[in-house]
Amino acid sequence: MIAVGVLLALVWYGLRGLGRWWGLAARWVGWVSPWTRWAHAWVLSAPATFGYVVVFSALTSVQLAAPPRLVDLLTTLQSTNLRNLHRAPLRALLHSALWVADKGAGLPLYVLVFVSVVAWAERRYGTPRIVVVGLAGHVLGTLLTALVEVRALEAGRASARLAVTTDVGVSYIMVAGCAAAVLVMRGWWRVVGWVLLGVGVVGPVVWSRTLWDLGHLFATVCGLGVAWVLVRAAPLRRPPDLRGCLPVPACGGRDRGPGAVGSPGEVGPPVRGGG
């Protein structure tokens, strides 16, 4: 994933360099530039989300390159299992949030959801509030899952190995951010969002019934609850209008250049959020 991003950046800047002498390259740069400006503004408008994506993507590249046994050892030592939560809870919670589970499986899907849905939520909530939502999903979801583990061990319904199992990943933060996004969506987007959350989070609890599926449900509910409180506590942001980065047809039929709609840095008056 990181290699693809680096390759695309090299190709883009190489094309811009060729555009100084090659007319066709210059035309390509002219066609693509509005979209790169839009992507640049989108990234800058959700710094916490994209910063987090860079961190866990970089660590996933380490997993893919390292020997499998070493990855198993590292993720077990940095897991939020009962042993680690008992010995060093803060360290376990921090380290476990930096790894993609199953040796990096599903990384493209995680990145796609973060840079689209969670980034959109950060634009509406603002960086401090989306960080609180993500922390609530990860921390509270983990602790509630651990409580279920303790009860299962005390009742003799689970093996003692459950206390040292591997439980890492960014998914708790992801589902909490998605729940926050769906909360403030409108119209059909909200309907589609609730359906997808139901299928992706509630569904596995019904047909798989694993402890980790239950953990995702806990994280979703916790993120949703905290997001609801934050929306009621203060108005949502009106995010920067990124349409100004793109050529938009004017009423008279001519195209307006970048900046016609508004600078990406402009923020309109706040609006009340709805649940």
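Residues numbered from 1 in each chain as written. Predicted model: local features only at pLDDT ≥ 70, side-chain atom pairs only at ≥ 80, totals over all residues. Heavy atoms only, no water.

Enquirer: It is not clear to me how the overall build of the protein should be interpreted in this structure. Could you clarify?
Expert: When helices and strands are tallied, the protein shows 12 helices and two strands. The buried share among the 275 residues of the protein stands at 39%. The contacts of the protein with a sequence gap of at least 6 include a subset with a gap of at least 24, amounting to 75%. Element-wise, carbon and sulfur atoms account for 70% of the exposed surface of the protein, whose accessible area totals about 15,400 Å². (Helix = DSSP H or I, 4+ residues; strand = E, 2+ residues; numbered from the N terminus. Buried < 20%, exposed > 50% of the residue type's maximum accessible area, 1.4 Å probe, protein only. Contact = heavy atoms within 4.5 Å. Areas by Shrake-Rupley, 256 points an atom, 1.4 Å probe, with all protein chains shown as cover.)

Enquirer: Teacher, can you tell me more about the confidence of the model for the protein here?
Expert: As a note on interpretation, predicted positions should not be read in detail where pLDDT is low. Taken over all residues, the pLDDT of the protein has a mean of 80, while the share at 70 or more is 80%. The lowest-confidence element of the protein is strand 2 (residues 255-256), averaging 42 in pLDDT; the highest-confidence one is helix 10 (residues 171-183), averaging 96. Counting contacts from residues 249-275, a segment whose pLDDT is below 50, to residues more than four positions away or on other chains yields 58 contacts. (pLDDT = per-residue confidence, 0-100.)

Enquirer: Looking at this structure, I do not really get the environment of Trp42. What am I missing?
Expert: Residue position: Trp42 is located in helix 2 (residues 23-44). As a C-alpha pair, Trp42 and Pro240 span 198 residues in sequence and 9.0 Å in three-dimensional space. Apart from residues lying up to four places away in sequence, Trp42 is in contact with Phe50, Val115, Ser116, Ala119, Trp120, Arg123 and Leu242. A distance of 2.9 Å separates the side chain of Trp42 from the backbone oxygen of Val115, its partner in a polar contact. (Polar contact = N/O pair within 3.5 Å; in protein donor to acceptor, adjacent residues only side chain to side chain.)

Enquirer: Explanation requested: helix 8 (residues 107-125) in the structure shown.
Expert: Note: α-helices contain 3.6 residues per turn, so residues at a spacing of three or four share the same orientation. With 19 residues, helix 8 should reach 27 Å at 1.5 Å per residue; the first-to-last C-alpha distance of 25 Å fits that figure. Its axis deflected by about 35° at Phe114, helix 8 carries its strongest bend there. Those residues of helix 8 that are buried lie in contact with helix 2, helix 3 (47-65), helix 7 (101-104), helix 9 (127-154), helix 10 and helix 12 (211-233). Phi turns positive, to about 95°, at Gly126, one or two residues after helix 8. (Expected span 1.5 Å × (residues − 1). Bend = angle between axes of the 7 residues up to and from the residue.)

Enquirer: Please clarify how the nonpolar core should be interpreted in this entry.
Expert: Side chains that are nonpolar tend, in soluble globular proteins, to be buried together. If you look at the biggest cluster of nonpolar residues, it comprises 36 residues, and the most contacted ones within it are Tyr52, Phe56, Phe114, Tyr125, Val133 and Met174. Within the residue set of this core, elements represented by two or more residues are helix 3, helix 8, helix 9, helix 10, helix 11 (187-207) and helix 12. With 11 residues, helix 10 is the single largest residue contributor to this core. Core analysis: the second largest hydrophobic core is formed by six residues, Trp42, Ala46, Phe50 and Leu242 among them. (Core = buried A, V, L, I, M, F, W, Y, C linked by side-chain atoms within 4.5 Å.)

Enquirer: Help me out: how do you make sense of the packing of aromatic side chains in this one?
Expert: The geometry of two aromatic rings is summed up by the distance between their centres and the angle between their planes. Under the defined criterion, the tally for this structure stands at four aromatic pairs. On the numbers, 5.2 Å between centres and 75° between planes, the contact of Tyr52 with Phe56 is edge-to-face. Of this pair, Tyr52 and Phe56 are both found in helix 3, four residues apart, which corresponds to roughly one turn of the helix. Under the relative-accessibility criterion, Tyr52 is labelled buried at 15%. Judged by centre distance (5.4 Å) and plane angle (55°), the ring pair of Phe56 and Phe114 falls under tilted. Separated by 58 residues along the polypeptide, Phe56 in helix 3 and Phe114 in helix 8 bring together distant segments of the chain. Across this residue pair, the class does not change: Phe56 and Phe114 are buried. One aromatic cluster is present, formed by Tyr52, Phe56 and Phe114 through successive ring pairs. (Phe/Tyr/Trp six-rings, centres within 6.5 Å; stacked < 30°, edge-to-face > 60°.)

Enquirer: I tried to follow the packing of helix 3 against helix 8 on my own but got confused; where do I start?
Expert: How two helices pack is summed up by the angle between their axes together with the distance between the axes. Taken N-terminus to C-terminus, the directions of helix 3 and helix 8 make an angle of 165°; their axes are 9 Å apart at the nearest point. Put simply, helix 3 runs roughly antiparallel to helix 8. Crossing of helix 3 against helix 8: the hand is right-handed. Here Pro47, Ala48, Thr49, Phe50, Tyr52, Val53, Phe56, Ser57 and Thr60 of helix 3 come into contact with helix 8, specifically with Leu107, Tyr110, Val111, Phe114, Val115, Val118, Ala119 and Glu122. Its residues placed into classes, the contact of helix 3 with helix 8 shows 13 nonpolar, three polar and one charged. (Axes fitted to C-alpha atoms, helices over the stretch in contact; angles between N-to-C directions. Parallel < 35°, antiparallel > 145°, perpendicular 65-115°, else oblique. Left-handed = near helix turned anticlockwise from the far one by under 90°. Nonpolar A, V, L, I, M, F, W, Y, C, P; charged D, E, K, R; others polar.)

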